[in-house]
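Architecture and fold: a report
Spelled out from the first residue to the last, the chains are:
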Amino acid sequence: MSYKAKFKVWRGEGGEGKLEDFTVEVNEGEVVLDIIHRLQATQAPDLAVRWNCKAGKCGSCSMEINGKPRLGCMTRMSTFSEDETITVTPMRTFPVIKDLVTDVSYNYQKAREVQSFTPPSSVRPGEYRMKQVDVERSQEFRKCIECFMCNNVCHVIRDHEENKTNFSGPRFLMRIAELDMHPYDVADRQDAAQEEHGLGYCNITKCCTEVCPEHIKITDNALIPMKERVVDRRYDPLVWLGNKIFRRGDNGK
Amino acid sequence: MENTHNTERHEYDVVVIGAGGAGLRAAIEARQQGKRTAIVCKSLFGKAHTVMAEGGAAAAMGNVNPDDNWMVHFRDTMRGGKFLNNWRMAELHAKEAPDRVWELEAWGALFDRTKDGKISQRNFGGHEYPRLAHVGDRTGLELIRTLQQRVVALQQEDYETHGDYEAYIKVFAECTVTRLLKDGDAISGAFGYWRESGNFVLFDAPTVVLATGGIGKSYVVTSNSWEYTGDGHALALLAGAKLINMEFIQFHPTGMVWPPSVRGILVTESVRGDGGVLRNSDGKRFMFDYIPEVFRDKYATTEEEGDRWYTDQANNRRPPELLPRDEVARAINSEVKAGRGSPQGGVFLDVSTRLPAEEIKKRLPSMHHQFKELADVDITAEPMQVGPTCHYIMGGVEVDADTGAAAVPGLFAAGEVSGGMHGSNRLGGNSLSDLLVFGRRAGAGAAAYVDALKSRPKVLPEQVTEAREEALAPLGHTGENPYEVHHELQRTMNDLVGIIRKSEEVAEALEVVEKLKERVRLVGAAGSAVYNPGWHLAIDLRNMVLVSECVARAALIREESRGGHTRDDFPEMSPEWRRRLLVCSTQDGSAVEVEERLQPGMRDDLITLFDRDELKKYLTDEEMAEFDGIAKS
Ligand SMILES: Cc1cc2nc3c(=O)[nH]c(=O)nc-3n(C[C@H](O)[C@H](O)[C@H](O)COP(=O)(O)OP(=O)(O)OC[C@H]3O[C@@H](n4cnc5c(N)ncnc54)[C@H](O)[C@@H]3O)c2cc1C
Ligand code: SF4
Ligand code: SF4
Ligand code: FES
């Protein structure tokens, strides 16, 4: 049941590195992360990799396996044939710190730029009443384990460093949609989505949805509806006028 | 300064070590009270262990059953802990948990709802009424994300007022603390290293809140992640604080048993709370044979009654699958030992014949996913195979219930790293609520301590130099591979200080631990200090060995069986032992001392919440006479 597999693992730090070859034991039921751990324990004690839960719940172990963004802990070795060489590389969109570990601070910065949940000041804790159907839409997005693989795969920033300032990536555009659909959120988020977070850059290719390990329908359920809300708002002359008037009054203060 | 060369220095009022539920809630409180606060954690922000919690957070809101209230919750908690709990903590916890859960909702959490739009609550082992606020089976994720987003909200406020997101609260992620610093008796800061670069960090601060979680990585079969190396327990000991109840470790009854590489990964108790049953290889629901005397009148004695309970709780008793975890774990252990286990060495946990497939997918989505992806098992069509796994430590830093203060001035602790609240056994769902209640209290405790401080304790350069040298040592050694030493410790604790303990075996474990101490001093880490997991593990080993010694020493001394401590040679629960706490301390980290201490008796108004007949099962004759006196007056 146990066999020797051939692995190529990207190793290096500070911007330099290369694929290194390993031959390593694989046992029944194991996942790619197990193999990386076996390499650490037996051949490469300083091989850097992130992980925590080993059960697809924390989103730490994102990597690219044969070029595809995957969670190392949820990719079973049985999905490969025994003679296949398996290539493991770090996420490409984020700068590499060492080996499989990347600098994901871009994501935390973007998270901080999304205006927080803004409930009406009149509702006290304990007084919230929401129907299950009304919370389900946002709940889907709150399943996100922040593996950042959707941001990693999105072509707007993959190989386009220059777009990072103006584009928050599917993860945080989805966060805006989540708050916009929250039954008690009163903030006005549509302009910010378009103007500050770069919703317009997304051309709904759905690559983000395809890699999401939580199977969240990012594009269909978050991004497209968000685009529609923005469009409705912009082209509805009444709303547009309303906005303007509101804005003026605001500025006049 | 020469001796802090290459060490960055930061000044804070409060340094919170840990970014799980307890740490984040503590930091939020400290910041809300105007204190400059650092949050330090070993993983990325949002990845702490709390993220893995599944079932829910226990709070007697009474949304599903209006008969629930703090007194019922208090009683359940004390019962679950076999009356060894710090009753003041159990009281505060039961009273404050609802407010802490509601507050999360005001910060954006979206719990599952009841029909009338309130927070829905689910059944769990040992809880008399449906009590766990939850989101499917990913409650921990909701909790940590909400707190994380609350931290961000505070940072946005600070940005508005000070033009700097990090003016009052900053997260130091992938940064490990290795030593607490003291000026005389009092805390003066903390020392650590960036995992990413290997550079050192010095926090100059009069208060430290420990919120580092548990110790499970000292065991082979565990539901815990690499972070659980008992750092906070060890840091507290080394700083002169005391640990209590270290012999009590919760083995969760249902961990995955197959494939080998995922052995120990948790199968949430919600499976049983929502109707799942345990069967042995004969197809028998064996839990009916394991209802202990103390719970005899509270659990169903027939399958029919147990099944009726799910729809009519007023007129039926709950099925024994929902006994407290220690009981269920021991029962599974016995069934397997008696040769009635499943093919893969566990027992069967079946929900497929109990609920429609759609309902299972809706209520237990992450379990469905986990088994499908990792074990090729479709839980809507076939049973799971499960067995006990090391899950939670009831023991930890001894703290003042109201403020979270440890014995060392300026040191506070909350969450899994603290001890007392759960007694000898924790009820499911009582941890997430514990994190919120006592995280907040520890944050407030630290803030009040800072306010009362006359002069700021100083960081002494010698201590910084020592801490640096200690951390660097493994990089200079060419000694043994740390992974091997770690593995031996895990095997030893698993085999000799596991779910069922015998005095010879525990004594043998102590001998092994003694030898491991020497080996730990000499382990070498190959490679540089840049993101080097071998080096990180070498540093963590000091903590794991120290904490394992506490567990084993206390386990050897306590000659009774109670909750998460089962002695084969002393199978009975002893009223005499109930009042005695075992308190661990160390002089210099080279050895652990254990002393016995009497736990104060429960306040009159709390003890009279229980029936005399129930108390009789736990208390000594002398205590009963006292109780009769109180009850009469
Ligand atoms: C799989 C699983 C499911 C669970 N389900 C439930 C449930 O449904 N309900 C429930 O109530 N409980 C549950 N529990 C238990 C509960 O999740 C934990 O007890 C709880 O999350 C611990 O929280 P904490 O805040 O104390 O610590 P954690 O969330 O573990 O956080 C510890 C933090 O400390 C940091 N840290 C540790 N050491 C250092 C150091 N040296 N330097 C810097 N930082 C450090 C870590 O990086 C981390 O950020 C579950 C546990 C597991 C494992
Ligand atoms: S759908 Fe939009 S956000 Fe998602 S990958 Fe494509 S362009 Fe990026
Ligand atoms: S949306 Fe999915 S892919 Fe993106 S970060 Fe969240 S879990 Fe990962
Ligand atoms: S280790 Fe948590 S998702 Fe893989």
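Residues numbered from 1 in each chain as written. Chains lettered and ligands numbered in written order. Predicted model: local features only at pLDDT ≥ 70, side-chain atom pairs only at ≥ 80, totals over all residues. Heavy atoms only, no water.

Let's shift gears to the packing of helix 13 (residues 482–496) of chain B against helix 15 (residues 533–557) of chain B. Residue and element names in this part refer to chain B. Where helix 13 contacts helix 15, the two axes come as close as 9 Å, and the packing angle between them is 25°. Taken together, the axes of helix 13 and helix 15 lie roughly parallel to each other. Judged by the sense of rotation from one axis to the other, the crossing of helix 13 with helix 15 is left-handed. Residues P482, Y483, V485, H486, L489 and M493 of helix 13 form the contact with helix 15, whose own contacting residues are P533, G534, L537, A538, L541, M544, V545, S548 and V551. The residue inventory of the contact of helix 13 with helix 15, partitioned by class, reads twelve nonpolar, three polar and no charged. (Axes fitted to C-alpha atoms, helices over the stretch in contact; angles between N-to-C directions. Helix = DSSP H or I, 4+ residues; strand = E, 2+ residues; numbered from the N terminus. Parallel < 35°, antiparallel > 145°, perpendicular 65-115°, else oblique. Left-handed = near helix turned anticlockwise from the far one by under 90°. Contact = heavy atoms within 4.5 Å. Nonpolar A, V, L, I, M, F, W, Y, C, P; charged D, E, K, R; others polar.)

What follows is about the sheet that holds strand 1 (residues 3–11) of chain A. Residues and elements named next belong to chain A. The five strands lie next to each other as 2-1-5-3-4, forming an open sheet whose pairing is mixed. With partners counted over all chains shown, the strands left at the sheet margins are strand 2 (18–26) and strand 4 (68–71), one partner each. Within this sheet the neighbouring strands show an average axis-to-axis angle of 35°, counted without direction. Here two bridges tie strand 3 (residues 62–65) to strand 5 (residues 85–89), and the two strands are oriented antiparallel to one another. Bridge pairing links E64 to T89 in strand 5. Across the sheet, helix 1 (residues 32–42) lies against strand 1, strand 2, strand 3 and strand 5, angled at about 100° from strand 2, the strand it touches most. (Pairing = 2+ DSSP bridges.)

Residue and element names in this part refer to chain B. Taken together, the four strands give an open sheet; going across it, the order is 13-16-15-14, and neighbouring strands pair in antiparallel fashion. At either end of the open sheet lies a strand with only one pairing partner, and these are strand 13 (249–256) and strand 14 (277–279). This sheet shows a mean twist of 45° between the axes of neighbouring strands, independent of strand direction. As judged from the six bridges shared by strand 13 and strand 16 (residues 384–393), these two strands associate in the antiparallel manner. If you follow I249 over to strand 16, its bridge partner there is I393.

Right, let's talk about the site of ligand 2 for a bit. Residues in contact with ligand 2, as listed here, are A:C154, A:H155, A:P170, A:C202, A:N203, A:I204, A:T205, A:K206, A:C207, A:C208, A:T219 and A:L223. Elements that contribute at least two residues to the shell around ligand 2 include exactly helix 7 (207–211) and helix 8 (218–235) of chain A. (Near = heavy atom within 4 Å.)

We now examine the pattern of salt bridges. Residue and element names in this part refer to chain B. Applying the stated criterion across every chain yields a total of 88 salt bridges over all chains. R31 serves as the salt-bridge partner of E157, at 3.2 Å between the closest nitrogen and oxygen. Separated by 126 residues along the polypeptide, E157 in helix 4 (residues 139–162) and R31 in helix 1 (residues 21–32) bring together distant segments of the chain. Using a relative accessible area of 42% as the deciding quantity, one classes E157 as partly exposed. R31 gets classed as buried once you look at its relative accessible area, which sits at 10%. The salt bridge partner of R441 is E96, with a shortest N-O separation of 2.5 Å. Taken together, the residues span a long stretch of sequence, with R441 in helix 11 (residues 430–452) and E96 in helix 3 (residues 87–106) at a distance of 345 residues. Assigned by exposure class, R441 and E96 land together as buried. (Salt bridge = Lys/Arg side-chain N within 4 Å of Asp/Glu carboxyl O. Buried < 20%, exposed > 50% of the residue type's maximum accessible area, 1.4 Å probe, protein only.)

Take the site of ligand 1 next. All names here are of chain B. The environment of ligand 1 is formed by 40 residues, the closest being T50, G55, E227, Y228 and D231. T50 is positioned with one of its side-chain polar atoms (N or O) 2.5 Å from an oxygen atom of ligand 1. When isolated, ligand 1 has an accessible area of 1,000 Å², and the protein chains bury 99% of it. For the shell around ligand 1, the secondary-structure elements that each account for two or more residues are helix 1, strand 3 (37–41), strand 8 (175–183), strand 16 and helix 11. Class assignment for the residues of the shell around ligand 1 results in 16 nonpolar, 18 polar and six charged. (Polar contact = N/O pair within 3.5 Å; in protein donor to acceptor, adjacent residues only side chain to side chain. Areas by Shrake-Rupley, 256 points an atom, 1.4 Å probe, with all protein chains shown as cover.)

Let us now look at the packing of aromatic side chains. All names here are of chain B. One pass over the full model with this rule turns up 21 aromatic pairs over all chains. Relative to Y299, the ring of F295 has its centre 6.1 Å away and its plane inclined at 75°; by these criteria the two rings are edge-to-face. Put simply, the rings of W70, F74, F83, F610 and Y618 touch in pairs and so form one group of aromatic residues. The ring of Y392 is capped by R426, whose NZ or CZ atom sits 4.1 Å from the centre of that ring. (Phe/Tyr/Trp six-rings, centres within 6.5 Å; stacked < 30°, edge-to-face > 60°. Lys NZ or Arg CZ within 6 Å of the ring centre and 35° of its normal.)

Next up on the list: the side chain of B:N430. Residues and elements named next belong to chain B. You can see N430 is positioned in helix 11. Engagement of the side chain of N430 in a polar contact is seen with the side chain of H73, the distance being 2.9 Å. For N430, the residues in contact, after removing those within four places along its chain, are A58, H73, T77, H93, H127, M421 and H422.

Here the focus is a negative patch on the surface. All names here are of chain B. Judged by side-chain charge, E576, D604, D621, E622 and E626 come together as a negatively charged surface patch. Among the elements that line the negative patch, the one with the most residues is helix 19 (residues 621–632), at three residues. Mapped onto the fold, E622 is located in helix 19. On the basis of relative accessible area, E622 is assigned to the exposed category, the value being 57%. (Patch = residues over 30% accessible without salt bridge, like charges linked within 9 Å, V, L, I, M, F, W, Y side chains within 5 Å. Lys, Arg positive; Asp, Glu negative; His and termini not counted. Charge placed at Lys NZ, Arg CZ, Asp CG, Glu CD.)

Just geometry here; none of it tells us what the structure is for.
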